[in-house]
Amino acid sequence: MQALWNLLKYLRPYWMFAIIGPLFMCLEVAMDLMQPMLMQHIIDNGIATGDHSYVVKMSILLLAAALIGLFGGLACSIYSTKAAVNFATDIRQELFARIEQFSARNTDEIRTGKLITITTNDVSSVQMALLMTLKVFVRSPLLFIGSVIIVFVSARDFFPILIVLIPLLAIVNWYFMKHAGRLFRKVQETVDRINTKLQENLAGIRVVKAFGRQEYEKTGFAAINHDLTNINRRANQMMMGLMPVMLFLVNIGIVAALWMGVIKVEQGTSEVGVILAFINYLTITLNALISSSHVLMVISRAFPSAERIKQVLDTVPDIQESQEAYRPEKIKGNIEFRNVDFSYSKNGEYVLKEISFKANGGEKIGIIGTIGSGKSTLMKLIPRLYDVDRGEICIDGRNIKEYGLRQLRVAIGFIPQKASVFSGTIMDNLQYGKDDVSKEEAVFASSAANAMEFIEKLDGEFEHVLTQGGSNLSGGQKQRLSIARALVRKPPILILDDSTSAVDALSEKAILHSLQEEYKDSTTFIISSKISSVMKADRIIVMEDGRIVGMGTHRELVATNSVYQEIYRTQGGKEESVHESGRYETSWQ
Ligand SMILES: Nc1ncnc2c1ncn2[C@@H]1O[C@H](COP(=O)(O)OP(=O)(O)OP(=O)(O)O)[C@@H](O)[C@H]1O
C-alpha cells in the first residue's frame with residue numbers, strides 16, 4: 001500500500017490530466033443518474049396522460065443527457081489514459097536509469113529475469129491500477145451513492161428493498177473478491193516463473209539445442225504453464241461466479257419491487273414509472289458494486305508490483321562516485337594493487353586474498369592460473385565492476401575510488417570472456433567504444449583485432465546490420481568485433497579476459513602481435529588458460545585459489561614456479577625447455 005502511495009510522486013507532472021479525467025467522469029455519472037428519472041417522467045407524466053409534446057420534449061432531453069454522458073466518458077478516458085500512460089513511462093525510465101547504475105553485485109542480488117518482469121509486467125500493473133482508479137473508481141462510488149440517494153428521495157417506498165439487498169450484495173462481493181484476490185496473487189507469482197524460465201531458455205537456446213534438451217525444457221515449461229492454466233482458471237472462475245450470484249440477488253430485488261409495485265399501483269400510492277426507475281437504479285447499484293470490486297482487485301494486484309518496483313528504485317548502487325571526483329585529462333596506466341581482498345557476498349569467503357602487484361604504463365601482463373582461481377575477478381576490480389573489500393587499487397598513484405566513474409571506465413578497454421555484441425550495424429558497435437569514431441579509426445582498430453578480414457566480406461561492410469546479440473556472426477567474429485570495439489578508443493589500459501578463446505591460432509597470433517606493436521602505450525592484461533597466449537608478456541602473474549603464487553617472465557616461471565610448470569607441462573611444454581623457452585611456439589611472434 002505504502003509502496004503504491006510512494007509511486008504517486010511520478011504522477012506529479014501529470015496532475016492536471018489526473019484531475020480533469022475524473023471531473024469529466026463526474027459529468028458522465030450525473031447524466032447516467034439523470035436518465036432513469038427522465039424515463040420515469042416520460043412514462044408517468046407523458047405516456048400515462050397521453051401528453052405527446054411532453055414525451056417528445058423529455059425524449060430530446062434524454063438524448064441530450066446521453067450525448068453529454070458520452071462526451072464526459074470519452075474525455076475522461078482520454079485524460080485518464082494520458083495521466084496513467086505518462087506515469088508508467090516515467091517509472092519505467094527511472095527503473096532503467098537505476099538499473100544502469102547498478103553494480104554487478106546489485107544485479108547479482110536482484111536477478112536479471114526479475115528486473116525484466118519488474119520493468120514490464122509490474123509497471124503495466126501499476127499503470128492499469130491508476131487508470132482504473134481514475135476512470136472506474138470515481139464512477140462507481142458516485143453512481144452507487146447517487147442511486148441510493150435518488151431512491152431515498154423519489155422512490156422511498158422501495159428503499160427497504162435496497163437496505164436488505166445492499167449488505168447482501170456487499171457480503172457476496174467481499175467473499176468472492178477475497179478468494180479471487182488470493183488466486184490472482186498466485187497467478188502473478190506463476191507468471192514470474194514463466195518469465196524466468198523463458199528468459200533462461202532464450203538466452204541459452206543454442207546450448208539447449210546442442211545438448212538435445214528441447215524435450216526436457218518443453219516438459220519443464222509445460223509444468224509451469226500447467227500451473228498457470230490451473231491457477232488462472234480458478235481465479236477467473238471465481239470472478240465469473242460472482243456475476244450470476246449477484247444477478248440472482250438483484251433479480252430477487254426486482255421481483256420484490258414488482259410485487260410491491262403492483263400492490264401500490266392498485267392502491268394508487270405509486271406509479272409505473274417509479275417502479276421502472278427503481279429497477280434501473282437497482283441495476284446501476286449492482287454494476288457499481290461489481291466494477292468497484294474489479295478495480296479493488298486490480299489495485300490489490302498492483303500492491304506487490306509496487307513493492308517490487310520500489311525495491312529496485314530504493315536499491316542504492318553500491319558503486320558510488322566520490323563527491324569530488326578526480327577527472328584527469330589523461331591517464332598513463334600505472335596500476336597498483338595493494339593488499340587487496342575481495343568476496344562476492346558480504347561476509348562471504350574471499351575469492352581474492354592479499355593481492356599486491358604493480359604494472360607500469362605500457363607493460364604487457366599475462367595472467368594465468370587454475371580454473372576459478374580468481375583471474376577474471378581480479379580484472380573486474382579495475383573498472384570498479386565490483387569494489388574491493390580490503391586494500392586498494394591505484395591508477396597513476398591514486399585510489400580508483402577517487403576517479404570519476406566515467407573517466408575511469410573510459411580509460412579501460414575491457415573485453416570480457418563472453419563477447420557481447422549489440423543489434424545495429426558493425427559501425428554502431430564500434431561507436432559504442434568511441435562516439436565519434438572515424439572510418440580510419442574503425443579500420444585501424446578492426447585490423448588490429450583481425451576483424452577487417454571478415455568485415456570486408458560482409459554486405460555493406462561497416463554498415464552490415466547485426467541481428468540481436470550478433471547471432472548472425474560466428475563466436476570468433478563476435479570476439480574480434482568486441483576486441484575492435486575496445487581498441488577503437490586506444491585506451492591506456494586494456495584488459496582481455498580470455499577474449500581470444502574462440503579465435504583460431506593464426507588470428508590470435510596476429511591480434512597479440514598488433515597489441516604489442518600498435519598499442520605499445522596501453523598497459524595490457526591478457527588472461528588466458530593457454531601458456532602460448534601469455535608467454536611473451538613482459539611479466540606473467542600466476543594465480544591459484546585467489547592468491548598470486550608467482551610473478552615473472554615465462555623463462556623465470558618455468559624455472560621456479562611449480563604451478564606454472566604444471567600448466568606448462570599439461571600443455572605440451574618440456575622440462576628441458578625450461579631454460580630455452582623460446583622453443584615453445586608462441587602466439588606473440
Ligand atoms: N558473480 C559471482 N558471484 C559469486 N561468485 C562468483 C561470481 N563470479 C565468480 N565467482 C566465484 O569466484 C571465484 C573466482 O572466479 P573467476 O571467474 O574470477 O575465476 P577465473 O580464474 O577467471 O576462472 P576461469 O578460468 O574459469 O575463467 C570462483 O570460485 C567463482 O565461483
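Calculation criteria
- Residues numbered from 1 in each chain as written.
- Predicted model: local features only at pLDDT ≥ 70, side-chain atom pairs only at ≥ 80, totals over all residues.
- Helix = DSSP H or I, 4+ residues; strand = E, 2+ residues; numbered from the N terminus.
- Rg over C-alpha atoms; globule rule 2.2 N^0.38 Å.
- Buried ≥ 20, exposed ≤ 12 C-beta atoms within 10 Å, placed from the backbone.
- Contact = placed C-beta atoms within 7 Å.
- Near = placed C-beta within 6 Å.
- Pairing = 2+ DSSP bridges.
- Axes fitted to C-alpha atoms, helices over the stretch in contact; angles between N-to-C directions.
- Expected span 1.5 Å × (residues − 1).
- Bend = angle between axes of the 7 residues up to and from the residue.
- UniProt positions renumbered as here; feature names shortened; annotations may be inferred.
- Core = buried A, V, L, I, M, F, W, Y, C linked by C-beta atoms within 7 Å.

## Quick notes on the overall build of the protein chain
Link 1 in the chain: Looking only at helices and strands, the protein chain features 19 helices and 12 strands.
Link 2 in the chain: For 589 residues, the compact-globule formula gives about 25 Å, and the C-alpha radius of gyration of the protein chain, at 36 Å, lies well above that figure.
Link 3 in the chain: By principal-axis analysis of the C-alpha atoms, the protein chain measures approximately 125 × 50 × 45 Å.
Link 4 in the chain: Expressed as a percentage of the 589 residues in the protein chain, the buried residues total 34%.
Link 5 in the chain: A sequence separation of at least 24 residues applies to 79% of the contacts in the protein chain between residues at least 6 apart.

## Observations regarding the site of the ligand
Link 1 in the chain: Close contacts around the ligand come from Asp108, Tyr344, Val351, Gly369, Ile371, Gly372, Ser373, Gly374, Lys375, Ser376, Thr377 and Ser529, and that covers them all.
Link 2 in the chain: For the shell around the ligand, the leading source of residues is helix H10 (residues 375-380), giving three residues.

## Let's talk about the sheet that holds strand E6 (residues 412-415)
Link 1 in the chain: If you walk across this open sheet you meet the six strands as E6-E9-E10-E3-E11-E12, and the pairing is mixed. Strands with a single pairing partner mark the edges of an open sheet, and in this sheet they are E6 and strand E12 (547-552). The sheet shows a mean angle of 15° between the axes of neighbouring strands, taken without regard to direction.
Link 2 in the chain: Relative to strand E9 (residues 493-497), E6 runs parallel, the two sharing four bridges. The partner of Ile415 across the bridge, within E9, is Leu496.
Link 3 in the chain: Strands in contact with helix H15 (residues 475-487) are E6 and E9; relative to E6, the strand with the most contacts, it is inclined by about 170°.

## Topic: helix H3 (residues 52-101)
Link 1 in the chain: Here H3 contains 50 residues, and its C-alpha end-to-end distance of 73 Å stays within 8% of the 74 Å for a straight helix at 1.5 Å per residue.
Link 2 in the chain: The set of residues buried in H3 consists of Gly72, Cys76, Tyr79, Ser80, Ala83, Ala84, Phe87, Ala88, Ile91 and Ile99.
Link 3 in the chain: Tucked into the core, H3 has its buried residues touching helix H1 (2-7), helix H2 (15-47), helix H5 (112-154) and helix H9 (272-314).

## Here's the deal with the sheet that holds strand E2 (residues 352-359)
Link 1 in the chain: One open sheet accounts for four strands, arranged E2-E1-E4-E5; its pairing is antiparallel. The outermost strands of the open sheet, each flanked by one partner alone, are E2 and strand E5 (398-399).

## Here we look at H5
Since the α-helix packs 3.6 residues into each turn, any two residues three or four apart lie on the same face.
Link 1 in the chain: With 43 residues, H5 extends 60 Å between its outermost C-alpha atoms, agreeing within 8% with the 63 Å of an ideal straight helix rising 1.5 Å per residue.
Link 2 in the chain: The largest bend in H5 is about 40°, located at Thr133.

## As for the UniProt feature "transmembrane region" (unreviewed entry) in the protein chain
Link 1 in the chain: When the UniProt feature table is mapped to this numbering, "transmembrane region" (unreviewed entry) covers residues 14-34, 54-79, 136-153, 159-176, 242-262 and 274-299.
Link 2 in the chain: Here residues 14-34 is 95% helix and 0% strand, with 31 Å between the C-alpha atoms at its ends.
Link 3 in the chain: Secondary structure across residues 136-153 divides into 100% helix and 0% strand, with the first and last C-alpha atoms of the span separated by 25 Å.

## Describing the nonpolar core
Link 1 in the chain: Residues Ile367, Ala445, Ala449, Ala484, Leu487, Ile495 and Phe525 are the most contacted members of the largest nonpolar core, which totals 67 residues.
Link 2 in the chain: The element that contributes the greatest number of residues to this core is H15, accounting for five residues.
Link 3 in the chain: With residues near it in sequence (within four places) discarded, Phe525 still touches Ile365, Ile367, Met379, Ile495 and Leu496.
Link 4 in the chain: Ile99, Phe137, Leu282 and Leu296 belong to the second-largest nonpolar core, a separate cluster that totals 63 residues.

## Overview of unusual backbone geometry
Link 1 in the chain: Look at Asp396: it is not a glycine, yet its phi comes out positive at around 50°.
Link 2 in the chain: Along the chain, Asp396 falls in the loop between strand E4 (390-395) and E5.
Link 3 in the chain: You will see that Asp545, though not glycine, has its phi angle at about 50°, which is positive.
Link 4 in the chain: Within the fold, Asp545 resides in the loop between strand E11 (539-544) and E12.

## Overview of the pairing of strand E1 (residues 335-342)
Link 1 in the chain: The sheet contact formed by E1 and E2 spans five bridges and is antiparallel. Paired with Ile335 across the bridge in E2 is Ala359.
Link 2 in the chain: For E1 and E4, the ladder comprises five bridges, and the chain directions are antiparallel. The residue bridging Arg338 from the neighbouring strand is Glu392, located in E4.

## Looking at the environment of Pro22
Link 1 in the chain: Positionally, Pro22 belongs in helix H2.
Link 2 in the chain: By the C-beta count within 10 Å, which is 20 here, Pro22 ends up buried.
Link 3 in the chain: Sequence separation between Pro22 and Phe137 is 115 residues; the distance between their C-alpha atoms is 9.1 Å.
Link 4 in the chain: Not counting the four nearest positions on each side in its chain, Pro22 is found in contact with Cys76, Leu134 and Val138.

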